[in-house]
Amino acid sequence: MAITVENYLKLAGFYNEMAKVLSAICVEKGGIAMENYVGRFFAADVLEYIVEYGKGLQKSKIEIPQNVISVMNLFEKQFENVKHLVTPNQKPIHEMTLEEFEKIMNI
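Residues numbered from 1 in each chain as written. Predicted model: local features only at pLDDT ≥ 70, side-chain atom pairs only at ≥ 80, totals over all residues. Heavy atoms only, no water.

**Here we look at the pattern of salt bridges**
At step 1: Taken as a whole, this structure holds three salt bridges when the rule is applied.
At step 2: The shortest N-O distance in the salt bridge between K20 and E17 comes to 3.1 Å. One end of the pair is K20 and the other is E17, both in helix 1 (residues 5-28) and three residues apart, which spans about a single turn.
At step 3: Using a relative accessible area of 53% as the deciding quantity, one classes K20 as exposed.
At step 4: Judged by its relative accessible area of 45%, E17 is partly exposed.
At step 5: Across the pair K55 and E52 runs a salt bridge whose closest N-O atoms are separated by 3.6 Å. With K55 and E52 both in helix 2 (residues 40-59) and three residues apart, the pair spans about one turn of that helix.
At step 6: On the basis of relative accessible area, E52 is assigned to the partly exposed category, the value being 43%. (Salt bridge = Lys/Arg side-chain N within 4 Å of Asp/Glu carboxyl O. Helix = DSSP H or I, 4+ residues; strand = E, 2+ residues; numbered from the N terminus. Buried < 20%, exposed > 50% of the residue type's maximum accessible area, 1.4 Å probe, protein only.)

**Topic: helix 3 (residues 66-82)**
At step 1: An ideal rise of 1.5 Å per residue puts 24 Å on 17 residues; helix 3 measures up with 25 Å between its terminal C-alpha atoms.
At step 2: Of all the positions in helix 3, only V68, M72, F75 and F79 are classed as buried. All buried residues of helix 3 fall inside an arc of 65° around its axis, so they share one side. The exposed residues of helix 3 that point more than 90 degrees off its buried face are Q66, N67, K77 and N81.
At step 3: In this fold, the buried residues of helix 3 make contact with helix 1 and helix 2. (Expected span 1.5 Å × (residues − 1). Arc of directions from axis to C-beta. Contact = heavy atoms within 4.5 Å.)

**Things to note about the packing of aromatic side chains**
At step 1: Going through the model one piece at a time under the given rule, you end up with three aromatic pairs.
At step 2: Members of the aromatic cluster, connected to one another through ring pairs, are Y8, Y49 and Y53. (Phe/Tyr/Trp six-rings, centres within 6.5 Å; stacked < 30°, edge-to-face > 60°.)

**Quick notes on the packing of helix 2 against helix 3**
At step 1: Look at helix 2 against helix 3: their axes get within 9 Å of each other, and the N-to-C directions meet at 140°. Here helix 2 is positioned oblique relative to helix 3, judged by the angle of their axes. Seen from above, helix 2 lies across helix 3 with left-handed handedness. Contact with helix 2, carried on its side by A44, L47, E48, I50, V51, G54, L57 and Q58, involves M72, F75, E76, Q78, F79 and V82 of helix 3 and no other residues of that element.
At step 2: Residues of the contact of helix 2 with helix 3, tallied by class, amount to nine nonpolar, three polar and two charged. (Axes fitted to C-alpha atoms, helices over the stretch in contact; angles between N-to-C directions. Parallel < 35°, antiparallel > 145°, perpendicular 65-115°, else oblique. Left-handed = near helix turned anticlockwise from the far one by under 90°. Nonpolar A, V, L, I, M, F, W, Y, C, P; charged D, E, K, R; others polar.)

**Regarding the nonpolar core**
Proteins that are soluble and globular tend to have nonpolar side chains buried together.
At step 1: Counting 26 residues, the largest nonpolar core has Y8, Y15, I50 and F75 as the members making the most contacts within it.
At step 2: Listing elements by their share of this core, those giving two or more residues are helix 1, helix 2 and helix 3.
At step 3: Per element, the largest residue contribution to this core is nine residues, and it comes from helix 2.
At step 4: Apart from the residues lying within four places of it in its own chain, the contact partners of Y15 are A43, V46, L47, I50, F75 and Q78. (Core = buried A, V, L, I, M, F, W, Y, C linked by side-chain atoms within 4.5 Å.)

As structure tokens, then:
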């Protein structure tokens, strides 16, 4: 995927739509809190990807409109609240023991 402002905006749009769907799922499952929904880990991974994509975009020589920079800053602030939920990079979840997974996820 080429690093472009347009692709960043597509990713941001996807995340916003996904957040709506995850919220609807939580309501449909009896009003469970988002922090108790297993999909929160996936959402955190997606947000991490978008934040890192934005950092790559900022490092490139591409001119970024101010409103897009504002979106990047908003996503970075949101990510700070959920970065403890992301899949660890050092070892894939499917290779972890249950104990390792629980330790990483603070369970």
